[in-house]
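Single-letter residue listing:
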Amino acid sequence: GAGVSQSPRYKVAKRGQDVALRCDPISGHVSLFWYQQALGQGPEFLTYFQNEAQLDKSGLPSDRFFAERPEGSVSTLKIQRTQQEDSAVYLCASLSTGDATGELFFGEGSRLTVL
Amino acid sequence: AQTVTQSQPEMSVQEAETVTLSCTYDTSESDYYLFWYKQPPSRQMILVIRQEAYKQQNATENRFSVNFQKAAKSFSLKISDSQLGDAAMYFCAYRSGTGGSYIPTFGRGTSLIVHP
């Protein structure tokens, strides 16, 4: 596609529900990042993929968070048993390996509200 | 780990005036890249300008320019002839170069308000 696409744009979940957030990166972009952005804050790193390999998941806040990218393109971030502190915007970004400086291309984000 | 600090939560500027947003970072690396990203309300984040650490010349993109002080680890963004469309959150970001982590680290952001 022309840009990074994320869905859903908005998600309201009751505490304890599971949610799945989808990211469709720019075609051909090997690297994919997930960030969490709390209200009024900067993006905080969650996890990083190169193709289908999850090379770094050090930012995932707990074992309730899980991400995958099985075919090296679309990625899904899953949050199990959601808690109120999970409320945030979840940003996906992809990066072209042909760009040495590493400009990230972001999606519009998925805003999660946990009640 | 690298850290990026933006000490100005909010800045205001009059339309057509100039404003400077501050950013400092902490690193022991010599090879890295610095970025300013713009995030308009409810819209996706986009790159404004980037700087390679090995380049002494400050980057410029139309009305946007940076003041890169490598020794001081400072990377400020200057917006000239401010326009209403410049109103947004601005994030400074750091990314390691060869041999380091390729994961970009972001500051907490500066909200820019442009007054007509």
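Note that the coordinates shown come from a computational prediction; the quantities given were computed from them, not determined experimentally.

(A) Structural context of the interface of chain B and chain A. With 18 residues of chain B at the contact, the number on the chain A side is 22 residues. Roughly 1,700 Å² of surface becomes buried between chain B and chain A when both sides are summed, with 52% attributable to carbon and sulfur atoms. Ranking the residues of chain B by area buried against chain A places Q44, I103 and F106 of chain B at the top, with a combined share of 29%. Summed over the shared surface of chain B and chain A, the number is 1 salt bridge. Connecting chain B to chain A are 6 residue pairs in polar contact (both at pLDDT 80 or more). Every element with two or more residues in the side of chain B that touches chain A is listed here: β5 (32-39), β6 (46-52) and β10 (88-96) of chain B. Sorting elements by how many residues they give to the side of chain B that touches chain A places β5 of chain B first, with 4 residues.

(B) Structural context of unusual backbone geometry. All names here are of chain A. Here S7 and P8 are connected by a cis peptide whose omega angle stands at -5°. Within the secondary structure layout, P8 lies in the loop between β1 (5-7) and β2 (10-13). One non-glycine residue with positive phi stands out, namely R81, at about 50°. Mapped onto the elements, R81 comes out in the loop between β8 (75-79) and β9 (88-95).

(C) Quick peek at the sheet that holds strand β3 (residues 19-24) of chain A. Residues and elements named next belong to chain A. Judged by pairing direction, the sheet is antiparallel, and its 4 strands sit side by side in the order β1-β3-β8-β7 without closing on themselves. Sheet topology places β1 and β7 (65-68) at the edges, where each strand pairs with a single neighbour. Direction aside, the axes of adjacent strands within the sheet are offset by 15° on average. With 4 bridges joining them, β7 and β8 adopt antiparallel strand pairing. Residue pairing for β8: E68 is matched across the bridge by T76.

About the criteria used
Residues numbered from 1 in each chain as written. Chains lettered and ligands numbered in written order. Predicted model: local features only at pLDDT ≥ 70, side-chain atom pairs only at ≥ 80, totals over all residues. Heavy atoms only, no water. Contact = heavy atoms within 4.5 Å. Buried area = accessible area lost by both parts, 1.4 Å probe. Salt bridge = Lys/Arg side-chain N within 4 Å of Asp/Glu carboxyl O. Polar contact = N/O pair within 3.5 Å; in protein donor to acceptor, adjacent residues only side chain to side chain. Helix = DSSP H or I, 4+ residues; strand = E, 2+ residues; numbered from the N terminus. Pairing = 2+ DSSP bridges. Axes fitted to C-alpha atoms, helices over the stretch in contact; angles between N-to-C directions.

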